[in-house]
Amino acid sequence: MKTRREITKVPALKDVLSLPRYKRDFDLLRNMLLVFSAVCMLTVAIIYMQYKNEVNEAYSRCINTPYQRKFQYMNHVEKVYRLCFAAKSSNYEYQLIQAESLLSEGALNYVKSQHQKEKMIDILGSYTSARTGVQIDSIAIDMSTDPAFGVVYGSQSLYINAEEVNKRNLFLVFKIMDLSINNSINTDGAILMEMKIVDISPIF
């Protein structure tokens, strides 16, 4: 009778070679498949890393082009336009606080003076359902100047009880430039330096 040690002993090479042919072929095939799988995984990993690097490079080239920056400026100006001219009494102050990160102090003071001139806060406070809304038709920016110069073609409406009671053109000219930092509000890293309304009529 064999002892436990003799049963668990690794068979000698001559004994392995003496295994049936199909057993040797199976082991060889299994090892080949393992090697092939490892090579495939390594190849896929190399291709993926190369693809990722190429995508990151392409994105970096695009994000730093003036053409891409132009659209970031347009997005920035649209935020300012909506924050400053589409409001209701309950969120008016909050929106101007949000706009502080997007505008220069002079531009923000200009917006506030326009609102005071038109008694906008008084009118919005007179009706609980009163609000103003804006529509932007187009934004044009000349990137050849520093700061860049642009125009917003849009309109502003006054709504009371969800009904539009008045509408007017609200065209702005502005100057915009890069800001050295950005944050969760100013995601475009730009600041609107100057703003002037050039086509407006009384809305209230």
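Scope of this entry: the structure provided in the associated data block. Keep in mind that what you see is a predicted model, and the values were worked out from it rather than measured.

Before going further, it helps to examine the overall build of the protein chain. Per the secondary structure count, the protein chain includes seven helices and five strands. Listing every helix and strand of the protein chain by position from the N terminus yields α-α-α-α-α-α-α-β-β-β-β-β. Relative to its 204 residues, the protein chain shows a buried fraction of 30%. A fraction of 60% describes how many contacts in the protein chain between residues 6 or more apart in sequence connect residues 24 or more apart. Working note: accessible area of the protein chain is about 14000 Å², and carbon and sulfur atoms make up 58% of it.

Turning next to the packing of helix H5 (residues 92-99) against helix H6 (residues 105-117). In the contact formed by H5 and H6, the axes pass within 11 Å of each other and the chain directions differ by 160 degrees. Of the possible angle classes, the one that applies to H5 and H6 is roughly antiparallel. Seen along the crossing, H5 lies across H6 with a hand that is right-handed. Side by side, H5 and H6 meet where Tyr92, Leu96 and Ala99 of the first sit next to Leu108, Val111, Lys112 and His115 of the second.

This brings us to the pattern of salt bridges. Side chains that carry opposite charge are capable of pairing whenever their charged atoms lie near each other. Enumeration according to the criterion identifies four salt bridges in this entry. A salt bridge links arginine 69 to aspartate 178; the nearest nitrogen and oxygen atoms lie 2.9 Å apart. In this pair, arginine 69 sits in helix H4 (residues 66-85) while aspartate 178 sits in strand E4 (residues 171-178), placing the two residues 109 residues apart along the sequence. With relative accessibility at 15%, the residue arginine 69 sits in the buried group. For aspartate 178, a relative accessible area of 45% gives the class partly exposed. Between glutamate 78 and arginine 82 there is a salt bridge, and its shortest N-O distance comes to 3.2 Å. Taken as a pair, glutamate 78 and arginine 82 lie in helix H4 at a separation of four residues, close to a single helical turn.

Another point: the side chain of arginine 168. Checked against the element boundaries, arginine 168 lands in strand E3 (residues 163-169). A polar contact of 2.6 Å, which involves the side chain of arginine 168, links it to the side chain of glutamate 118. Among the polar contacts listed, one links the side chain of arginine 168 to the side chain of glutamine 156, at a separation of 2.5 Å.

Bridge analysis of strand E1 (residues 131-142) against strand E2 (residues 148-160) gives 11 bridges, and the strand direction is antiparallel. Along E2, the bridge assignment pairs serine 138 with tyrosine 153. Taking the residues between adjacent antiparallel strands as the criterion, E1 and E2 are bridged by five residues.

With respect to the element layout, glutamine 95 can be found in helix H5. For glutamine 95, the residues in contact, after removing those within four places along its chain, are Arg82, Leu83, Ala86 and Ala87.

Tracing the sequence through the fold places methionine 195 in strand E5 (residues 190-199). Spatially, the C-alpha atom of methionine 195 lies 6.8 Å from that of lysine 175, the residues being 20 residues apart in sequence.

The next point concerns the packing of aromatic side chains. In the structure shown here, the tally under the stated rule is two aromatic pairs. Between tyrosine 81 and phenylalanine 85, the ring centres sit 5.7 Å apart and the planes meet at 55 degrees, which makes this aromatic pair tilted. Pair noted here: tyrosine 81 and phenylalanine 85 are both in helix H4, with a separation of four residues, about one helical turn. For phenylalanine 85, a relative accessible area of 3% translates into the label buried.

Taking 1.5 Å of rise per residue, 13 residues should cover 18 Å, and H6 covers 18 Å from first to last C-alpha, within 8% of that figure. The set of residues buried in H6 consists of Ala107, Leu108, Val111, Gln114 and His115. Down the axis of H6, the sector holding all buried residues measures 120 degrees, keeping them to one side. Facing away from the buried surface of H6 by more than 90 degrees, the exposed residues are Glu105, Gly106, Gln116 and Lys117.

Calculation criteria
Throughout this document, residue positions are counted from 1 along each chain, in the order its sequence is written. In keeping with the model being predicted, local features are shown solely for residues with a pLDDT of at least 70 and side-chain atom pairs are shown and tallied solely at 80 or more, while totals for entire chains, interfaces and linings include all residues. Hydrogens and water molecules were not included; the side-chain quantities draw on all heavy atoms of the structure. Every helix listed is a DSSP run of H or I at least four residues long, and every strand listed is a run of E at least two residues long, numbered separately from the N terminus. Working definition: with a 1.4 Å probe on protein chains only, accessible area under 20% of the residue-type maximum means buried, over 50% means exposed, and in between means partly exposed. Working rule for contacts: check all heavy atoms of both residues, and any pair within 4.5 Å makes them a contact. For every accessible area listed, the method is Shrake-Rupley and the probe measures 1.4 Å; residues are considered covered only by the protein chains on display. Lines fitted to C-alpha atoms define the axes, with helix axes restricted to the stretch in contact, and inter-axis angles between N-to-C directions lie between 0 and 180 degrees. Angular relationships are summarised with four words: roughly parallel below 35 degrees, roughly antiparallel beyond 145, roughly perpendicular across 65 to 115, and oblique for the angles in between. Each crossing gets its handedness from the near helix: less than a right angle anticlockwise from the far helix is left-handed, clockwise is right-handed. Salt bridge, as used here, is a side-chain nitrogen of Lys or Arg placed within 4 Å of a carboxyl oxygen of Asp or Glu. Side-chain atoms alone can form a polar contact between residues adjacent in sequence; in general such a contact is a pair of N or O atoms within 3.5 Å, and within protein one must be able to donate a hydrogen while the other accepts it. Pairing between two strands requires that DSSP report at least two bridges joining them. Here a Phe, Tyr or Trp ring, Trp counted by its six-membered ring, pairs with any other such ring whose centre lies within 6.5 Å, and the pair is stacked when the planes are under 30 degrees apart, edge-to-face when over 60, and tilted otherwise. The length a helix should cover is 1.5 Å for every residue beyond the first. Summarising the geometry, the arc corresponds to the directions from the helix axis toward the C-beta atoms.

None of this, on its own, says anything about what the molecule does.
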